[in-house]
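This is what each chain is made of:
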Amino acid sequence: MAWSILAGRDRLSLGNGMDLRLLSALEVLQARREAGELAQEAGERALCSNACLLARALEQSEDHTPVFPDGRGVLAGLTAEEIAALARRWSAFSREANPGPNLGEEELEKLKKNSGMTRENGSDGGC
């Protein structure tokens, strides 16, 4: 995802040459589908879901290339504890960066002012 309308920022540096980035809705759906294919039992679903999410969200800071090719690669390369910790960090970052549908009036006005899209520069307010 190159840019988010609502997010304050799209990346979180982990300080070790890697970033977590926000994912598009399509990427989240793809991660869920991949996790469904990887999980053999119901108890494996959460770990596989987190691994597939991280496969898309964890990138090299310098060139934004994925650290892992897919969820299976994450499962092979990280411990269950590392996967859980990184997934928690991504989840907290996503909640912080995406204000959600219940913005207050003040936050909504600030978002409108900072979005840069007006009738003058190309937005007619429609979809």
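Only a predicted model underlies this, so the values are computations on that prediction, with no experimental measurement involved.

About the criteria used
- Residues numbered from 1 in each chain as written.
- Predicted model: local features only at pLDDT ≥ 70, side-chain atom pairs only at ≥ 80, totals over all residues.
- Heavy atoms only, no water.
- Helix = DSSP H or I, 4+ residues; strand = E, 2+ residues; numbered from the N terminus.
- Expected span 1.5 Å × (residues − 1).
- Contact = heavy atoms within 4.5 Å.
- Pairing = 2+ DSSP bridges.
- Axes fitted to C-alpha atoms, helices over the stretch in contact; angles between N-to-C directions.
- Salt bridge = Lys/Arg side-chain N within 4 Å of Asp/Glu carboxyl O.
- Buried < 20%, exposed > 50% of the residue type's maximum accessible area, 1.4 Å probe, protein only.
- Parallel < 35°, antiparallel > 145°, perpendicular 65-115°, else oblique.
- Left-handed = near helix turned anticlockwise from the far one by under 90°.
- Nonpolar A, V, L, I, M, F, W, Y, C, P; charged D, E, K, R; others polar.

A.B. asks: Break down the environment of Gly73 for me, with residues and values.
C.D. replies: Note that Gly73 resides in helix H3 (residues 71-77). Taking the C-alpha atoms as reference, Gly73 lies 7.6 Å from Ala55; in sequence the two are 18 residues apart.

A.B. asks: So what about helix H4 (residues 80-97)? Which residues, and what values?
C.D. replies: Three- or four-residue spacings in an α-helix give side chains the same orientation, since the helix completes a turn every 3.6 residues. Taking 1.5 Å per residue, 18 residues should reach 26 Å; H4 reaches 25 Å between its end C-alpha atoms and fits that length. Those residues of H4 that are buried are in contact with strand E1 (11-13), strand E2 (18-21), helix H2 (45-57), strand E3 (58-60) and H3.

A.B. asks: I'd like a description of the sheet that holds E3, backed by residues and values.
C.D. replies: Strand order in the open sheet made by the three strands is E1-E2-E3, with antiparallel pairing throughout. The open sheet is flanked by E1 and E3, the only strands paired with a single partner. Strand-to-strand twist in this sheet, taken as the mean axis angle between neighbours without regard to direction, amounts to 35 degrees. In the sheet, E1 pairs with E2 via three bridges, with the strands oriented antiparallel. Considered in E2, the bridge of Arg11 is made with Arg21.

A.B. asks: Residue-level account of the pattern of salt bridges, with values.
C.D. replies: Counted under the stated rule, the structure contains five salt bridges. A salt bridge links Glu59 to Arg21; the shortest N-O distance between them is 2.8 Å. Linking Glu59 in strand E3 with Arg21 in strand E2, this pair joins segments that are 38 residues apart in sequence. The pair formed by Glu59 and Arg21 is uniform in burial state, with each residue classed as buried. Here the residues in one salt-bridge network are Arg11, Asp19, Arg21, Glu27 and Glu59, joined through shared partners.

A.B. asks: Quick rundown of the packing of helix H1 (residues 25-38) against H2? Include the residues and the values.
C.D. replies: Running from N to C, H1 and H2 point in directions that differ by 135 degrees, and their axes come no closer than 8 Å. The angle between H1 and H2 falls in the class oblique. The crossing of H1 and H2 is right-handed. Of H2, the residues touching H1 (which contributes Glu27, Gln30, Ala31, Arg32, Glu34, Ala35, Gly36 and Leu38) are Arg45, Cys48, Ser49, Cys52, Leu53 and Arg56. Broken down by class, the residue content of the contact of H1 with H2 amounts to six nonpolar, three polar and five charged.

A.B. asks: Any chance you could break down H2 for me, citing the residues and the numbers?
C.D. replies: With 13 residues, H2 should cover 18 Å at 1.5 Å per step; its first-to-last C-alpha distance of 18 Å lies within 8% of that length. In this fold, the buried residues of H2 make contact with E2, H1, E3, H3 and H4.

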